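# What the coordinates show
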Amino acid sequence: MRRVVITGFGTINPVGNNIDDTWNNLIHGKSGISRISNFDINDDYASQIAGEIKDFDPKAHFNRKRLKKIDRYTMLGLVATQQAVDAAKLEDTEFDHNKAGVIISTGIGGMGTFESEAAKLVKRGPKRISPFFIPKMISNIISAEVAIKYDLKGLNFNITSACASANHAIGTAFRSIQYGDADIMVTGGAEASVTPLAVAGFSSMRALSTRNDEPEKACRPFDQERDGFIMAEGAGVLVLEELDHALSRGADIYAEVVGYGATCDAFHITAPAEKGEGGARAIKLALDDAEIEPAKLNYINAHGTSTPLNDKNETIAYKTVFGEHAQNLKINSTKSMIGHTLGAAGAIEAIVCCKTFMEGQIHPTINYENPDPECDLNYVPNESIEMQVDYALSNSLGFGGHNGVVIFKKYK
Amino acid sequence: MNIEQKVKEIIVEELGVEESEVTNEANFIEDLGADSLDTVELIMCFEEEFDIEIPDEEAENLVTVAKAIEFLKSELD
């Protein structure tokens, strides 16, 4: 089987607009959650807090004409892609563009565009709808925009599985290279759904934290006082590449992708299956795919959303798969600081796994104050730790019962 | 502001081009870099600004700056 490595990555998210700032803030336990400013928030919204990108001026990245044609989720995806492409030096080296593909996912797509055009339809009728509405809104357009910009002519689509979207994107990109369909895959996720309708919708589900008076303390994965997830926007993009292809063009190698598992709970549209059964099966599949003994794994980047049900069932799933070894695992939640970027989450967390290998540090799960008897593993509470990590498992679960697990290995 | 000025202003804004490029002879697609969706949006902006309705069969003929100005002047007189 062809080996697959990561030769580039980039991100823009609530704790950093590049890799270095992101890592520095994560290691120091800095929250990116604050009161919503993307739109006029008021007390009618149960949840009034989110992880928003700071100091991002779209005009600095895109000209006037482009700004009108792309949704914010695509802007964030393109910014992260440029960082990843630069790190991989894709624009400076020769490669077969027909064997370079793109799978960048999003959980929802151009939600802001959808809302503004829908409002126009109601207020002013169908003739006022922009011809750019559909191409701005559709969830596959980020993959197309990236292909057009960098002339990547291989396989290209997106995968939407709500909050598991990016892990399914990365896993499918990994398979595409293993199988030989592609030599290079630009993959990851982008999301910009901190919008009135999306916040209202997730609030109606009672899925979001309502700790509005303490935004930075609201996301508290695995803590007993957790009360829901926090919406966030952002993007993470990785360049995956066949090992020999990467070596032959002298690319830097940040990590290896060694395993992928995907399952469905087939249980309920939003609630996880009892005891995290579906997630546990996905983890087992990924471990088998990577051909590693569970005991060899020592670090998990959890889904860790801070909802009562997720964190409890995710913990049970780890105990099911790892048995006694579960107590030895270091488990952290990147979402404790970034919030939940939905379809981008798995991609940002994959980048965190790469940085964990590279830096020999594991960032904390912040706001862990009140132990929950049902969540009794080591979540790296509040302070980062120094530790050499050889394997990292990244876990994502999505509404719909979609489970996606990717395993990364330190490249030596 | 006269119609000609306003039309050119809209074109500069919508197509993201420089004012100097918007000559009367300029073709939206060939000279000003518009694609078919841009031209639809441009026509919608004219409709909005001048509060008129431009039927598709008319819109198809408005391929240059001069043709747009000429059509709008005749409609608004």
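Residues numbered from 1 in each chain as written. Chains lettered and ligands numbered in written order. Predicted model: local features only at pLDDT ≥ 70, side-chain atom pairs only at ≥ 80, totals over all residues. Heavy atoms only, no water.

### Brief notes about helix 8 (residues 165–179) of chain A
Residues and elements named next belong to chain A. With 15 residues, helix 8 should reach 21 Å at 1.5 Å per residue; the first-to-last C-alpha distance of 21 Å fits that figure. Along helix 8, the residues classified as buried are Ser165, Ala166, Asn167, His168, Ala169, Ile170, Gly171, Ala173, Phe174, Ser176, Ile177 and Gln178. Directly after helix 8, the chain includes Gly180, whose backbone phi takes a positive value near 100 degrees. (Helix = DSSP H or I, 4+ residues; strand = E, 2+ residues; numbered from the N terminus. Expected span 1.5 Å × (residues − 1). Buried < 20%, exposed > 50% of the residue type's maximum accessible area, 1.4 Å probe, protein only.)

### Examining empty space enclosed by the protein
The full count for this structure, using the stated rule, is two cavities of 30 Å³ or more. Looking at the largest cavity, its volume works out to about 60 Å³. Taken together, A:Thr11, A:Ile19, A:Thr22, A:Trp23, A:Leu26, A:Ile348, A:Ile351, A:Val352 and A:Lys355 make up the lining of the largest cavity. Residue assignment for the lining of the largest cavity shows that the elements contributing at least two residues are helix 1 (19–27) and helix 15 (345–359) of chain A. Within the lining of the largest cavity, the residues separate by chemical class into six nonpolar, two polar and one charged. Lining the lining of the largest cavity are residues from two domains, each supplying at least three of them: domain 1 (4–248) and domain 2 (259–409) of chain A. The computed volume of the second largest cavity comes to approximately 40 Å³. Contributing to the lining of the second largest cavity are A:Lys65, A:Lys68, A:Lys69, A:Phe132, B:Glu14, B:Leu15, B:Asp38 and B:Glu41. Sorting elements by how many residues they give to the lining of the second largest cavity places helix 3 (residues 64–69) of chain A first, with three residues. Of the residues belonging to the lining of the second largest cavity, the class tally is two nonpolar, no polar and six charged. (1 Å grid on protein atoms, 1.4 Å probe; cavity = no way out; pocket = protein on both sides within 12 Å on 5 of 7 lines; lining within 4 Å. Points joined across faces, edges and corners; volume = space filled by probe spheres on them. Nonpolar A, V, L, I, M, F, W, Y, C, P; charged D, E, K, R; others polar. Domains from an automatic or database assignment.)

### Regarding the confidence of the model for chain B
Residue-level pLDDT values for chain B average 95, and 99% of them are 70 or greater. Overall fold confidence for the complex sits at a pTM of 0.96, while the interface term, ipTM, reaches 0.88. (pLDDT = per-residue confidence, 0-100.)

### Re the side chain of A:Glu117
All names here are of chain A. Residue position: Glu117 is located in helix 5 (residues 111–124). With relative accessibility at 8%, the residue Glu117 sits in the buried group. In this structure the side chain of Glu117 is engaged in a polar contact, spanning 3.0 Å, whose partner is the backbone nitrogen of Ser130. If near-sequence neighbours (up to four positions away) are discounted, Glu117 is found in contact with Arg128, Ile129, Ser130 and Phe133. (Polar contact = N/O pair within 3.5 Å; in protein donor to acceptor, adjacent residues only side chain to side chain. Contact = heavy atoms within 4.5 Å.)

### A closer look at the nonpolar core
Residue and element names in this part refer to chain A. Ile6, Phe9, Leu238, Leu240, Val257 and Phe408 are the most contacted members of the largest nonpolar core, which totals 44 residues. Ranked by residue count, the leading element in this core is helix 15, at eight residues. Each of two domains, domain 1 (4–248) and domain 2 (259–409), supplies a minimum of three residues to this core. Among all residues touching Ile6, those that are not within four sequence positions of it are Leu238, Val239, Leu240, Asp252, Ile253, Tyr254, Ala255, Val257, Cys354 and Phe408. (Core = buried A, V, L, I, M, F, W, Y, C linked by side-chain atoms within 4.5 Å.)

### Remarks on the domain arrangement of chain A
All names here are of chain A. By domain assignment, chain A separates into domain 1 (4–248) and domain 2 (259–409). Between domain 1 and domain 2 lies a buried interface of about 5,000 Å² when both sides are counted; carbon and sulfur atoms form 67% of it. The tally of links from domain 1 across to domain 2 stands at five salt bridges. Only strand 1 (4–12), helix 1, helix 8, strand 5 (184–191), helix 10 (215–218) and strand 6 (234–242) provide two or more residues apiece to the side of domain 1 that touches domain 2. Partitioning the side of domain 1 that touches domain 2 into residue classes produces 31 nonpolar, 24 polar and 12 charged. (Buried area = accessible area lost by both parts, 1.4 Å probe. Salt bridge = Lys/Arg side-chain N within 4 Å of Asp/Glu carboxyl O.)

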